[in-house]
Amino acid sequence: SPSRQQQDLVRSLAFLWIWCAPAGLIFFALAAWHAHVLSAAVAGPLLTIGTAWIGAGCYVNARRCGWTHCTIDAILLPLLSLIGVLNIAGVTSFSWNSYANALLIIVVISFVPECFGVRYIGKRRT
């Protein structure tokens, strides 16, 4: 069976569509919103879509290779996306800056275990 590293989607061109495209969407939405080119009503859904997209990619990659940060992000980013949907629907009310800060904190914290040598968690599923 292929090694965990060989199963990692970062090693394929899929990386561009799974993580780079939604990260670009998120950066674009934030920059355009801060430049007053996009309204919060447009930027918010773009941020939420980008977050869900990355979360889905992390879920797939976590199942393939078991990277710790992907496993953590596969849980937390879809939850953050759900909070984004609730904010879009008016159920919650917070700034999209807070949302972006939460996204950044989740991604940074998900890499902390790997800094201490915990590169893989859970069983790899193929």
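Preceding this paragraph is the structure being described.
A quick note: this is a predicted structure, and the numbers were derived from the prediction, not measured.

## Here we look at helix H2 (residues 14-34)
Since there are 3.6 residues in each turn of an α-helix, residues three or four apart along the chain are aligned in direction.
Moving on, step 1. Here H2 is 21 residues long and its end C-alpha atoms lie 30 Å apart, about the 30 Å a rise of 1.5 Å per residue gives.
Moving on, step 2. Its maximal kink placed at Cys20, H2 deviates by approximately 35 degrees, while the proline Pro22 follows within four residues.
Moving on, step 3. Among the residues making up H2, those that are buried are Ile18, Trp19, Pro22, Ile26, Ala29, Leu30, Ala32 and Trp33.
Moving on, step 4. Taken together, the buried residues of H2 touch helix H3 (40-65), helix H4 (68-88) and helix H5 (96-115).
Moving on, step 5. Downstream of H2 by a residue or two, His36 has a phi angle that is positive, lying close to 65 degrees.

## Some points on the packing of H2 against H5
Moving on, step 1. It is the contact of H2 with H5, at a shortest axis distance of 12 Å, that shows an interaxial angle of 150 degrees. Here H5 runs roughly antiparallel to H2, going by the angle between their axes. As H2 runs across H5, the sense of the crossing is left-handed. Contacts between H2 and H5 pair Ile26, Leu30, Trp33 and His34 from the former with Trp96, Asn97, Ala100 and Leu103 from the latter.
Moving on, step 2. Tallied by class, the residues present in the contact of H2 with H5 amount to six nonpolar, two polar and no charged.

## Remarks on a nonpolar patch on the surface
Moving on, step 1. The grouping of Ile75, Leu76, Leu79, Leu82, Val85, Leu86 and Val91 at the surface amounts to a nonpolar patch, some 600 Å² of accessible area in total.
Moving on, step 2. Mapped onto the fold, Leu76 is located in helix H4.

Rules of the game
- Counting from 1, residues in each chain are numbered in the order their sequence is written.
- Whole-chain, interface and lining totals are the exception, using all residues; otherwise, since this is a predicted model, local features are given only for residues with pLDDT of at least 70 and side-chain atom pairs are given and counted only at 80 or more.
- In computing side-chain values, all of the structure's heavy atoms are included and hydrogens and water are not.
- Labels follow the DSSP assignment, with helices taken as runs of H or I lasting at least four residues and strands as runs of E lasting at least two, numbered in each case from the N terminus.
- Multiplying 1.5 Å by the residue count of a helix minus one yields the expected span of that helix.
- Here the bend at a residue is taken as the angle between two axes, fitted respectively to the seven residues that end there and the seven that start there.
- In this scheme, a residue with accessible area under 20% of its type's maximum is buried, one over 50% is exposed, and one in between is partly exposed, where area comes from a 1.4 Å probe on protein chains only.
- Here, two residues are considered to be in contact whenever any of their heavy atoms come within 4.5 Å of each other.
- For helices, the axis comes from a line fit to the C-alpha atoms of the stretch in contact; other axes are also lines fit to C-alpha atoms, and the angle between any two N-to-C directions lies between 0 and 180 degrees.
- When describing relative orientation, an angle under 35 degrees is termed roughly parallel and one over 145 degrees roughly antiparallel, while 65 to 115 degrees is termed roughly perpendicular and anything else oblique.
- Left-handed describes a crossing whose near helix is turned anticlockwise from the far helix by less than a right angle; the clockwise case is right-handed.
- Amino acid classes used here: Ala, Val, Leu, Ile, Met, Phe, Trp, Tyr, Cys and Pro are nonpolar; Asp, Glu, Lys and Arg are charged; the rest, including Gly, are polar.
- Only residues whose relative accessible area exceeds 30% and that form no salt bridge enter a patch; like-charged residues are grouped when within 9 Å of one another, and nonpolar side chains (Val, Leu, Ile, Met, Phe, Trp, Tyr) when within 5 Å.
- Using a 1.4 Å probe, the Shrake-Rupley method yields the accessible areas, and only the shown protein chains count as cover for residues.
- A side-chain nitrogen of Lys or Arg and a carboxyl oxygen of Asp or Glu constitute a salt bridge if their distance falls within 4 Å.

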